[in-house]
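# Fold and geometry: a report
Okay, here's what each chain looks like letter by letter:
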Amino acid sequence: MIEVKELTRTFTIYERGHTLREVAKSLIRRPMKEVRAVDSISFNISQGELVAFLGPNGAGKSTTLKMLSGVLHPSSGDIRCMGLVPWKQRREYVRKIGAVFGQKSQLLWDIPPSDAFYMNKAIYGVPDKEYKETLDELVELLQVGDIMRKPTRQLSLGERMRCEFIMAMLHRPDLVFLDEPTIGLDMIAKENIRNFIRSMNRKKVTFILTTHDLEEVELLAERVMVINHGRIIVDDTLSGLRKRLGDKKTVRIVTELPVPDELPAGLRIMERIRPFEVELEVDTEILPLRPFISQFNEQFGILDMAIEELPIEAVMKELYSEPDVQSYAAAPVQNLFQVNNGKTRSLD
Ligand SMILES: Nc1ncnc2c1ncn2[C@@H]1O[C@H](COP(=O)(O)OP(=O)(O)OP(=O)(O)O)[C@@H](O)[C@H]1O
């Protein structure tokens, strides 16, 4: 559905300098600098995928998404999306895509969403029958019956976001860009929106999700692409991403005896909850779970225990904190996590 080949976008910025002398000089001759916001990235996305496109601030996400949605043309490289070149065949292309921004509204403040929906019908030229069918389906899925007839300014954030989704989906796009779609919503409202995204995704709508909410990524996305310094540093499933950085687990454990600070290789205390309760990171490549449990039980007496996957936050923190892509690529995978700065002792 989407083919991206060696996509690059550079911006030229003027440097002003910091001192009075440098600022004065820049009034006569302004030194220019090239910023490579997106640096030769390539990937494919198939129809019906739900891909999380992640990265720290300034990584190049917005620039990539602007090129994918056709509002920005690349400096070099190519995008083919549903057979079209987004920035060249814009009219045809916008009929096939939709977008929801958690921080921007596509509705009109003073008129009810139902009127804004009708306006979109006219803009996209949706035939009457198709419009009615789609609207009925979306209204039922998102439960916005009466809500959509109130002026937008009177709606709560959760109600408005449900209407934003209708606005984006009325022309039945095949590809939808989601930018922080549940930001600021309460748990129930988030769940409603996520269920809606899942049900549309089951109908083969492709979603590209950008968010800093990693719980959202865990709950929705199968595939995760991470961009940093303009380059794609990870394109994998969530479980693959975790494995890349070692096979680690989080273990919350209640013991009879207090757990000391110094622990054997493969174990790291993440949090001391109470004197006899800790959260540990267990690197199962160094210390597999079975010997960990039996040795820990022998030494400290296990009273209660919960084992979970390493939170995705911990994985992302490691990726984001890498100074640049080259060093990430060159670093041996195990070195990305410093287990316990050499202060180790054996349980044996
Ligand atoms: N119009 C522009 N002119 C100059 N530089 C730009 C422009 N747009 C983006 N950049 C630069 O390109 C880089 C990537 O920016 P981009 O907005 O794509 O990052 P992002 O990953 O979306 O970040 P955020 O999560 O903060 O929105 C940054 O260094 C940014 O300053």
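One numbering rule holds for all chains: residues counted from 1, following each sequence as written. In keeping with the model being predicted, local features are shown solely for residues with a pLDDT of at least 70 and side-chain atom pairs are shown and tallied solely at 80 or more, while totals for entire chains, interfaces and linings include all residues.

In the annotation of an unreviewed UniProt entry, the entry for the protein reads ABC transporter, and the organism field reads Paenibacillus oryzae.

Another aspect to go through is the overall build of the protein. Looking only at helices and strands, one finds twelve helices and 13 strands in the protein. Here the C-alpha coordinates of the protein stretch approximately 75 × 60 × 40 Å along the principal axes. The exposure scheme places C-beta atoms from the backbone and then counts, for each residue, the other C-beta atoms within 10 Å of its own, assigning buried at 20 or more, exposed at 12 or fewer, and partly exposed in between. Expressed as a percentage of its 348 residues, the buried residues of the protein come to 31%. Counting contacts in the protein only where the partners sit at least 6 residues apart, residues at least 24 apart contribute 73% of the total. Each helix is a run of DSSP H or I of at least 4 residues and each strand a run of E of at least 2, with the numbering of both proceeding from the N terminus. Whether two residues are in contact is decided by their C-beta atoms, placed from the backbone, lying within 7 Å.

Right, let's get into the nonpolar core. Counting 63 residues, the largest nonpolar core has Val 51, Phe 165, Ile 166, Val 176 and Leu 209 as the members making the most contacts within it. Of the residues forming this core, the biggest block, seven residues, is contributed by helix 6 (residues 157–169). An automatic or database domain assignment is the source of the domain bounds shown. Counting residues domain by domain, this core receives three or more from each of domain 1 (41–241) and domain 2 (246–336). One nonpolar core equals one set of buried Ala, Val, Leu, Ile, Met, Phe, Trp, Tyr and Cys residues connected by C-beta atoms within 7 Å. Grouped together as the second largest cluster of nonpolar side chains are nine residues, Ile 253, Leu 267, Val 278 and Phe 292 included.

The subject of this paragraph is the domain arrangement of the protein. With domains assigned, the protein is organised as domain 1 (41–241) and domain 2 (246–336). Once you take the C-alpha centre of each, domain 1 and domain 2 turn out to be 36 Å apart. When residues of the side of domain 1 that touches domain 2 are traced back to their parent elements, those giving at least two are helix 8 (214–220), strand 8 (223–228), strand 9 (231–237) and helix 9 (238–244). Here the term charged refers only to Asp, Glu, Lys and Arg, the term nonpolar to Ala, Val, Leu, Ile, Met, Phe, Trp, Tyr, Cys and Pro, and the term polar to all other amino acids, Gly among them. Its residues assigned to classes, the side of domain 1 that touches domain 2 comprises nine nonpolar, two polar and two charged.

Nearness here is judged by the C-beta atom: place it from the backbone, and if it falls within 6 Å of a molecule or strand, the residue counts as near that partner. The full set of residues close to the ligand is Phe 11, Ile 13, Val 35, Ala 37, Gly 55, Asn 57, Gly 58, Ala 59, Gly 60, Lys 61, Ser 62 and Thr 63. Secondary structure elements with two or more residues in the shell around the ligand: strand 1 (2–14), strand 2 (32–45) and helix 2 (61–69). Its residues assigned to classes, the shell around the ligand shows five nonpolar, six polar and one charged.

Further remarks concern the sheet that holds strand 4 (residues 76–81). With antiparallel pairing, three strands are arranged side by side in an open sheet as 2-1-4. In this open sheet, the two edge strands, each paired with only one partner strand, are strand 2 and strand 4. Along the sheet, successive strands turn relative to each other by an average axial angle of 25 degrees, direction set aside. Following DSSP output, two strands are said to pair if at least two bridges run between them. When strand 1 meets strand 4, the two strands line up antiparallel, connected through five bridges. Across the sheet, Ile 2 pairs through a bridge with Cys 81, a residue of strand 4. To define axes, lines are fitted to C-alpha atoms, for helices over the stretch in contact only, and angles between the resulting N-to-C directions are given on a 0 to 180 degree scale. The sheet strands contacting helix 2 are strand 1, strand 2 and strand 4, and the helix crosses strand 2 at an angle near 60 degrees.

Another aspect to go through is the pairing of strand 7 (residues 206–210). Of all five residues making up strand 7, five are buried, and the element is well covered by its neighbours. Where burial is concerned, the two faces of strand 7 agree: the one with Thr 206, Ile 208 and Thr 210 and the one with Phe 207 and Leu 209 are both buried. Two strands pair when backbone bridges link them, and strand 3 (residues 50–54) and strand 7 are joined in this way by three bridges, in the parallel orientation. Bridge pairing in strand 7 links Val 51 to Ile 208. Pairing of strand 6 (residues 175–179) with strand 7 involves five bridges; the strand directions are parallel. Considered in strand 7, the bridge of Asp 179 is made with Thr 210.

What follows is about the sheet that holds strand 9. The sheet built from six strands is open, its strands ordered 5-6-7-3-8-9 with mixed pairing. Edge positions in the open sheet fall to strand 5 (97–101) and strand 9, since each of these has one partner strand only. Pairs of neighbouring strands in the sheet enclose a mean axial angle of 20 degrees, with direction left out of account. Pairing between strand 3 and strand 8: four bridges, direction parallel.

Here helix 2 has its buried residues at Lys 61, Thr 63, Thr 64, Met 67, Leu 68 and Ser 69. Just downstream of helix 2, Gly 70 is the residue with a positive phi angle, here 90 degrees.

With that settled, consider the packing of helix 4 (residues 113–124) against helix 6. Across the interface, helix 4 lies against helix 6 with an axial gap of 9 Å and an inter-helix angle of 15 degrees. When the axis of helix 4 is compared with that of helix 6, the two are roughly parallel. The handedness of the crossing between helix 4 and helix 6 is right-handed. In this structure, helix 4 contributes Pro 113, Ala 116, Phe 117 and Asn 120 to the contact, and helix 6 contributes Cys 163, Ile 166 and Met 167. Here roughly perpendicular refers to angles of 65 to 115 degrees, roughly parallel to angles under 35, roughly antiparallel to angles over 145, and oblique to all remaining angles. In this scheme the handedness of a crossing depends on how the near helix is turned from the far one: anticlockwise by less than a right angle means left-handed, clockwise means right-handed.

Inspection of the secondary structure puts Thr 211 in the loop between strand 7 and helix 8. Residues Thr 211 and Thr 10, spaced 201 residues apart in sequence, show a C-alpha to C-alpha distance of 23 Å. Filtering out sequence-adjacent residues up to four positions away, Thr 211 remains in contact with Glu 180, Glu 216 and Val 217.

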